[in-house]
Amino acid sequence: MKPSTIVFDVNETLSDMSPLAGRFEGVGAPASLAKLWFATLLRDGFALTAAGGNGSFAEIGAEALRGLFAGMDLDRDPDAAVEHVMAGLAGLGLHQDVPEGVKALKAAGFRLATLSNGATGVAEKLFTDAGIRDSFELLLSVEDAPAWKPARAAYGYAASTCGAAPDELLLVAVHPWDIHGAAKAGLGTAWINRSGVQYPKYFQAPDYTVPALDQLAAALA
């Protein structure tokens, strides 16, 4: 079935998180710690989900930072360092291919929504600053769902809120774990592979693979 609604992951899929490395450097920590921090945040969020919980992205992120900063020689106290890094999430921009990709999908007649493990406020500011907020009908967060992605309940929440069956939705993400979870929940999937890496064989393969979001509308056509 051709999808009627495109549902986007936000963190890394739409937002460019690479500037966060500078936030780590700004407090005296290695820039490379940024990727470890995000992986730790996701790991602990997934663990809470697997155990039946639903934690806050911001709270888990801040606590993960405190753990990583413990014992490090920073240029300020740990709480101030955590605050500095977390504040960087609100100042992120979009990947270059996102604005035109979003506009093309909207012009093609698709309903557009988000489903983020983060807060809706981050997506709201991200899209408003980029001038594409009006393209999105719904900004959804797992904070209002029973569980984080990739739990089936998260995608079910998106389908229910959009007023559509799961197979009418297409989940767009850069994360193979998100693609796999959506596919298992009955959604169509599109993987944005900007880095040219190989898709993991242990995850269900995406329905579509494109190197940039601005090529997805053509692939769906």
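Let me begin by describing the structure that accompanies this report.

Examining the packing of aromatic side chains
- Under the criterion given, the structure shown has 10 aromatic pairs.
- Centre to centre, the rings of Phe 57 and Trp 148 are 6.2 Å apart; their planes meet at 25°, and the pair counts as stacked. Here the residue Phe 57 occupies a position in helix H3 (residues 57–69), and Trp 148 occupies one in the loop between strand S5 (138–141) and helix H7 (152–162), the gap between them amounting to 91 residues. Both residues of the pair, Phe 57 and Trp 148, belong to the buried class.

As for the pairing of strand S4 (residues 111–116)
- Judged by how many residues are buried, S4 sits mostly within the fold: 5 of 6 residues are covered.
- Both strand S1 (residues 5–8) and S4 contribute to a ladder of 4 bridges, which runs parallel. When the sheet's bridge partners are listed, Thr 5 is paired in S4 with Arg 111.
- For the crossover that starts at S4, traverses helix H6 (residues 120–130) and ends in the parallel S5, the hand is right-handed.

Digging into the packing of H3 against helix H4 (residues 78–87)
- For the pair H3 and H4, interaxial distance at closest approach is 10 Å and the crossing angle is 130°. When the interaxial angle is binned, H3 and H4 end up oblique. Here H3 and H4 pass one another in a crossing that is right-handed. The segment H3 lies against H4, with Ala 58, Gly 61, Ala 62, Leu 65, Arg 66 and Phe 69 engaging Asp 79, Ala 81, Val 82, Val 85 and Met 86.

A word on the pattern of salt bridges
- For the structure on display, the rule yields 11 salt bridges.
- Measuring nitrogen to oxygen at the nearest pair gives 2.9 Å for the salt bridge that ties Glu 124 to Arg 133.
- The class of Glu 124 is partly exposed, set by a relative accessible area of 34%.
- The partner of Asp 178 in a salt bridge is Lys 149, and the shortest N-O contact between them spans 2.8 Å. Pair noted here: Asp 178 is in helix H8 (residues 176–184) and Lys 149 is in the loop between S5 and H7, with a separation of 29 residues, a long-range link.
- Classification of Asp 178 by relative accessible area gives buried; the value is 0%.
- We classify Lys 149 as buried; its relative accessible area is 0%.

Here is what the cut-offs are and how they apply
- Along each chain, numbering runs from 1 in the same order as the chain's sequence is written.
- This being a predicted model, a pLDDT of at least 70 is required before a residue's local features are given, and a value of 80 or more before pairs of side-chain atoms are given or counted; all residues contribute to the totals for chains, interfaces and linings.
- Processing note: side-chain calculations cover all non-hydrogen atoms of the structure and skip hydrogens and water entirely.
- The criterion for an aromatic pair is that two Phe, Tyr or Trp rings (for Trp, the six-membered ring) have centres within 6.5 Å, with stacked assigned to planes under 30 degrees apart, edge-to-face to planes over 60 apart and tilted to the rest.
- Secondary structure elements are defined from DSSP: runs of H or I of at least 4 residues count as helices, runs of E of at least 2 residues count as strands, and each element is numbered from the N terminus.
- Accessibility here uses a 1.4 Å probe with only protein chains present; expressed as a share of the type maximum, an area under 20% marks a residue as buried, one over 50% as exposed, and anything in between as partly exposed.
- Following DSSP output, two strands are said to pair if at least two bridges run between them.
- With the strands pointing away from the viewer, any crossover whose connection runs clockwise from the first strand over the helix to the second is right-handed.
- Lines are fitted to the C-alpha atoms to define the axes, a helix being fitted only along its stretch in contact, and any angle between axes, read from their N-to-C directions, falls within 0 to 180 degrees.
- For classification purposes, an angle smaller than 35 degrees is called roughly parallel, one larger than 145 roughly antiparallel, one from 65 to 115 roughly perpendicular, and anything else oblique.
- If you view the pair so one helix is near and one far, a crossing is left-handed when the near helix is turned anticlockwise from the far one by less than a right angle, and right-handed when it is turned clockwise.
- Should any heavy atoms of two residues lie within 4.5 Å, those residues are counted as being in contact.
- Just to be clear on terms, a salt bridge is a Lys or Arg side-chain nitrogen sitting within 4 Å of an Asp or Glu carboxyl oxygen.

It is worth stressing that arrangement in space is one thing and function is another; only the former is reported here.
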